[in-house]
Amino acid sequence: MNDQLKQIGERLKGLREALELSPETVAKQCNVSLQDYLDYENGKKDISISNLNNIAEHYGIELSILMFGEEARMSSYFLTRKGKGLAVERVKAYKYQSLAAGFINKKAEPFLVTVEPKDENTPLNLNSHTGQEFNMVLKGKLEFHIGSKQLILEEGDSIYFDSSKPHGMKALDDKPVDFLAIIF
């Protein structure tokens with residue numbers, strides 16, 4: 001079991017218990033099945049950033065608390081040096097590095113995301129969440145899916161989209177892709 005998934009699960013369970021809610025209530029309020037929610041709490045199943053963000057928004061807490069166990073403290077600015085953002089590698093295919101984890105009351109969640117290449121036969125994982133998202137490719141070539149559209153994004157290309165539409169991506173040319181993701 002991935003230690004980071006287990007830690008995220010422990011934070012989810014801690015939040016639920018602090019709010020004195022049943023697993024059934026949280027699963028229903030966050031629009032996930034009870035079994036999926038229990039698997040998230042137990043660190044047995046990867047939880048998408050979109051689901052974590054939905055849970056954080058629903059309960060009025062910062063996403064960084066669920067992801068990293070760090071409470072934001074800064075209100076004027078928060079500086080993230082190159083390679084120093086709080087990172088979580090939930091699964092081998094994606095690595096998220098928060099670029100503003102220490103800033104309170106954020107209007108957006110910026111991440112540096114690395115997508116590792118996958119086998120051609122690996123199915124694409126689509127996510128959706130409330131709000132909007134901006135992605136800009138910094139390094140590599142990315143196949144991006146949104147709804148029924150398939151787009152190729154190269155270095156310097158960006159896309160702004162309604163993140164309630166199912167979306168997902170995969171690295172092309174057997175090379176990792178780095179992109180800036182800002183979730184609003």
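Residues numbered from 1 in each chain as written. Predicted model: local features only at pLDDT ≥ 70, side-chain atom pairs only at ≥ 80, totals over all residues. Heavy atoms only, no water.

Asker: So what's going on with the side chain of histidine 145? Which residues, and what values?
Answerer: Locating histidine 145 in the fold gives a position in strand β5 (residues 141-146). For histidine 145, a relative accessible area of 16% puts it in the buried group. A polar contact is formed between the side chain of histidine 145 and the side chain of glutamate 143, at a distance of 2.6 Å. When neighbours within four sequence positions are excluded, histidine 145 is seen to be in contact with Leu124, Leu126, Gln150, Pro166, His167 and Gly168. (Helix = DSSP H or I, 4+ residues; strand = E, 2+ residues; numbered from the N terminus. Buried < 20%, exposed > 50% of the residue type's maximum accessible area, 1.4 Å probe, protein only. Polar contact = N/O pair within 3.5 Å; in protein donor to acceptor, adjacent residues only side chain to side chain. Contact = heavy atoms within 4.5 Å.)

Asker: I'd love a proper account of the pattern of salt bridges, names of residues and values included.
Answerer: Opposite charge on two side chains permits pairing when their charged atoms draw close. Under the definition given, this model contains five salt bridges. For lysine 170, the salt bridge is made with glutamate 143, and the minimal N-O distance between the two is 4.0 Å. In this pair, lysine 170 sits in strand β8 (residues 167-171) while glutamate 143 sits in strand β5, placing the two residues 27 residues apart along the sequence. Its relative accessible area of 10% is what places glutamate 143 among the buried residues. (Salt bridge = Lys/Arg side-chain N within 4 Å of Asp/Glu carboxyl O.)

Asker: Give me the sheet that holds β5: which residues, what numbers.
Answerer: Pairing in this open sheet of three strands is antiparallel, and the strands run β6-β5-β8 from one edge to the other. Unpaired on one side and paired on the other, β6 (149-154) and β8 mark the two borders of the sheet. With strand direction ignored, the average angle separating the axes of adjacent strands in the sheet is 25°. Of the strand pairs in this sheet, β5 and β8 are connected by five bridges, and their pairing is antiparallel. Bridge pairing in β8 links histidine 145 to glycine 168. (Pairing = 2+ DSSP bridges. Axes fitted to C-alpha atoms, helices over the stretch in contact; angles between N-to-C directions.)

Asker: Give me the packing of helix α1 (residues 3-18) against helix α3 (residues 34-41): which residues, what numbers.
Answerer: Interhelical geometry of α1 versus α3 gives an angle of 115° and a closest axis separation of 7 Å. By the angle class used here, α1 and α3 are roughly perpendicular. On α3, the residues that touch Leu5, Gly9, Glu10, Leu12, Lys13 and Arg16 of α1 are Tyr37, Tyr40 and Glu41. Its residues assigned to classes, the contact of α1 with α3 comprises four nonpolar, one polar and four charged. (Parallel < 35°, antiparallel > 145°, perpendicular 65-115°, else oblique. Nonpolar A, V, L, I, M, F, W, Y, C, P; charged D, E, K, R; others polar.)

Honestly, it's all geometry; don't read function into it.
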